[in-house]
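Residue-level listing of the chains:
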Amino acid sequence: MTITSRSVHDAFVGRFGGQPQLFRAPGRVNIIGGHTDYNEGFVLPTTTGLHTWVAIAPRTDRTLRVFSRLFDSLEEIDLDRIEKCADAQWYEYVKGVAAILETAGHSLRGADIVIDGDIPLGGGLSSSASLETVLAFALLDRADIEIERGELAQLCQRVETEYVGIRCGIMDQYVISRCVKNRAMMLDCRSLEFQSVEMPADARLLVVDTGVSHRLPVGEYNSRREECEEAVALLAGEIPQLGALRDLDLAQLEAKRKLLDDRHYRRCRHIVSENQRVQDACSALQRGDVQRLGELITASHVSLRDDYEISCAELDALVEIMNSCPEVYGSRLVGGGFGGCVVCLVDAPHLDRVMDRVQVEYGALLGRAPWAHAVTPSDPVGPAPTIEPLEVPESAANS
Ligand code: ADP
Ligand code: MG
């Protein structure tokens, strides 16, 4: 069912009564730049037309009463006694946001909250960053605290790194906080300088879910990050100015290859080549060269599959099916890997044809039609659209 301001408002009134304020944040889809963010490199994400929604009304005490529509569960959190994350249940993200904001010196007010959303959970579209960002935005707004959007993103990233235990980069929270509607964001994850780039009119991003998730993402995600840090340590003896893999180029990597074992060498080759692909993709997007952009997207997948080793049979099969469609410019896995979604760049007039084909061909492998979403990049986190007026039957309106 489609989520709207009306549906979220009504869910809140039905549960808590009163008049809530509504907020929402999009998910993110990373066009290219896989795992480069925590290596202080470049990424080119945009936002989805899917959102996490929050309806919130302040309370007079310091309790958060939070209802998740997706999990059909109500939790109470005492803002004065937030215990560290025990597992990654949905309400731990709420606790994490509150704990990080309070620790940063932002004194919050208690609130009744309803959370809803249509971003697939664990699908690589960063439902977690979307949830953190909209919650932080709403809690700060209700406490009359204004912070800069870049700072908002950094606080939300700390929820993942310090609270949930995923050592993620800044990309997801940053694009969700600061993107511009219908544009991609070319972000330098070291300086946090960014450029908004118009999305092409003649091509559309399509996201398709493999429907599988193979490994514990926390462990695999963190282990890739550790391998990158180990490689920097191994290379730094001979390349003293190396602060992160961002600083390495392919010629240096080849020259110093003997310092690395094959695994660390391939992890580096992915990051170094991916940083170059992101910059080339940004130029292609600026020129409107969707053909070239598609080639770079597919090259990114090959590198993530062979060098970074975070793909799986289902992701590879889906990419192959997508790329066999003449209307598809390129496809890659999106997010952490080992399952979740593929993002494809599709010739816009033929989107439906591609959608039908993937439903049939990948559907035959999966045993059901896969979930798919044609991306319309949304506004960043903020107040939700005003509530649609109730449709009044004409006879009632005239009486
Ligand atoms: P991803 O960020 O790729 O979607 P994660 O595993 O990082 O996957 O985050 C998914 C988790 O975030 C969910 O299992 C849930 O705990 C939480 N979450 C995200 N969106 C919502 C939502 N709308 N309602 C409740 N919990 C959510
Ligand atoms: Mg996440």
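Treat the numbers as computed from the prediction; the structure is a model and nothing was measured.

**What about the layout of surface pockets?**
Volume-wise, the second largest pocket comes out at about 170 Å³. If you trace the second largest pocket, you find it lined by Phe 137, Leu 140, Asp 141, Asp 144, Ile 145, Glu 146, Ile 147, Arg 149 and Leu 152. If you list the elements that add at least two residues to the lining of the second largest pocket, you get α3 (127-142) and α4 (149-164). A per-element tally of the lining of the second largest pocket places α3 first, with three residues. Taken together, the residues of the lining of the second largest pocket break down into five nonpolar, no polar and four charged.

**Some words on the domain arrangement of the protein**
Often, the extent of an interface is quoted as the loss of accessible area upon association of its parts. According to the domain assignment, the protein contains domain 1 (5-198) and domain 2 (203-374). Relative to domain 2, the C-alpha centre of domain 1 lies at a distance of 25 Å. With both chains or domains summed, domain 1 and domain 2 bury close to 3300 Å², and 64% of this area falls on carbon and sulfur atoms. Broken down residue by residue, the surface that domain 1 buries against domain 2 is led by Ile 32, His 35 and Arg 167, which jointly contribute 22%. At the boundary of domain 1 with domain 2, the tally comes to three salt bridges. In this structure, the connection of domain 1 to domain 2 is made through 18 residue pairs in polar contact (both at pLDDT 80 or more).

**Topic: the site of ligand 1**
Not every one of the 20 residues close to ligand 1 is listed here, only the nearest: Trp 90, Gly 122, Ser 126, Ser 127 and Ser 128. Note that an oxygen atom of ligand 1 is positioned 2.8 Å from one of the backbone N or O atoms of Gly 122. Here ligand 1, which alone exposes 570 Å², has 84% of that area covered by the protein. Among the elements of the structure, α2 (90-103), β5 (111-117) and α3 are those that each provide at least two residues to the shell around ligand 1. Looking at side-chain class alone, the shell around ligand 1 contains nine nonpolar, ten polar and one charged residues.

**Describing the pairing of strand β2 (residues 42-58)**
By the criterion of burial, β2 is predominantly enclosed, with 15 of the 17 residues buried. Two strands pair when backbone bridges link them, and strand β1 (residues 21-32) and β2 are joined in this way by ten bridges, in the antiparallel orientation. Within β2, the position partnered with Asn 30 by the bridge is Pro 45. The sheet contact formed by β2 and strand β6 (residues 183-188) spans two bridges and is antiparallel. Across the sheet, Val 43 pairs through a bridge with Leu 187, a residue of β6. Note: β2 against β5, seven bridges, orientation antiparallel.

**Considering the packing of aromatic side chains**
Counting across every chain of the model gives six aromatic pairs. The interplanar angle of 55° and the centroid separation of 5.2 Å between the aromatic rings of Phe 12 and Phe 16 together place this pair among those described as tilted. You can see Phe 12 and its partner Phe 16 sitting in helix α1 (residues 5-16), four residues apart, about one turn around the helix. Owing to a relative accessible area of 17%, Phe 16 belongs among the buried residues under this scheme. Taking 6.4 Å as the distance between ring centres and 15° as the angle between the ring planes, the aromatic pair formed by Phe 71 and Trp 90 counts as stacked. Taken together, the positions of Phe 71 in the loop between β3 (63-68) and β4 (73-78) and Trp 90 in helix α2 put the pair 19 residues apart, joining distant regions of the chain. Joined through ring pairs, the aromatic side chains of Phe 71, Trp 90 and Tyr 91 make up one cluster. In this arrangement the basic side chain of Arg 15 is found over the ring face of Phe 67, its NZ or CZ atom lying 3.8 Å from the centre. Sitting over the face of the ring of Tyr 265, Arg 257 holds its NZ or CZ atom 3.7 Å from the ring centroid.

**Some points on the pattern of salt bridges**
This model, assessed by the stated rule, comprises 35 salt bridges. One salt bridge connects Arg 65 with Asp 112, and the closest N-O pair in it is separated by 3.0 Å. With Arg 65 in strand β3 and Asp 112 in strand β5, the pair connects residues that are 47 residues apart, well separated along the chain. A relative accessible area of 24% places Arg 65 in the partly exposed class. Using a relative accessible area of 9% as the deciding quantity, one classes Asp 112 as buried.

**Here's the deal with α1**
Taking 1.5 Å as the rise per residue, α1 with twelve residues should run 16 Å; its terminal C-alpha atoms sit 16 Å apart, in good agreement. Taken together, the buried positions of α1 are Ser 5, Ser 7, Val 8, His 9, Ala 11, Phe 12 and Phe 16. Phi for Gly 17, located one or two positions after α1, is positive at around 75°.

Rules used in this analysis
Residues numbered from 1 in each chain as written. Chains lettered and ligands numbered in written order. Predicted model: local features only at pLDDT ≥ 70, side-chain atom pairs only at ≥ 80, totals over all residues. Heavy atoms only, no water. 1 Å grid on protein atoms, 1.4 Å probe; cavity = no way out; pocket = protein on both sides within 12 Å on 5 of 7 lines; lining within 4 Å. Points joined across faces, edges and corners; volume = space filled by probe spheres on them. Helix = DSSP H or I, 4+ residues; strand = E, 2+ residues; numbered from the N terminus. Nonpolar A, V, L, I, M, F, W, Y, C, P; charged D, E, K, R; others polar. Domains from an automatic or database assignment. Buried area = accessible area lost by both parts, 1.4 Å probe. Salt bridge = Lys/Arg side-chain N within 4 Å of Asp/Glu carboxyl O. Polar contact = N/O pair within 3.5 Å; in protein donor to acceptor, adjacent residues only side chain to side chain. Near = heavy atom within 4 Å. Areas by Shrake-Rupley, 256 points an atom, 1.4 Å probe, with all protein chains shown as cover. Buried < 20%, exposed > 50% of the residue type's maximum accessible area, 1.4 Å probe, protein only. Pairing = 2+ DSSP bridges. Phe/Tyr/Trp six-rings, centres within 6.5 Å; stacked < 30°, edge-to-face > 60°. Lys NZ or Arg CZ within 6 Å of the ring centre and 35° of its normal. Expected span 1.5 Å × (residues − 1).

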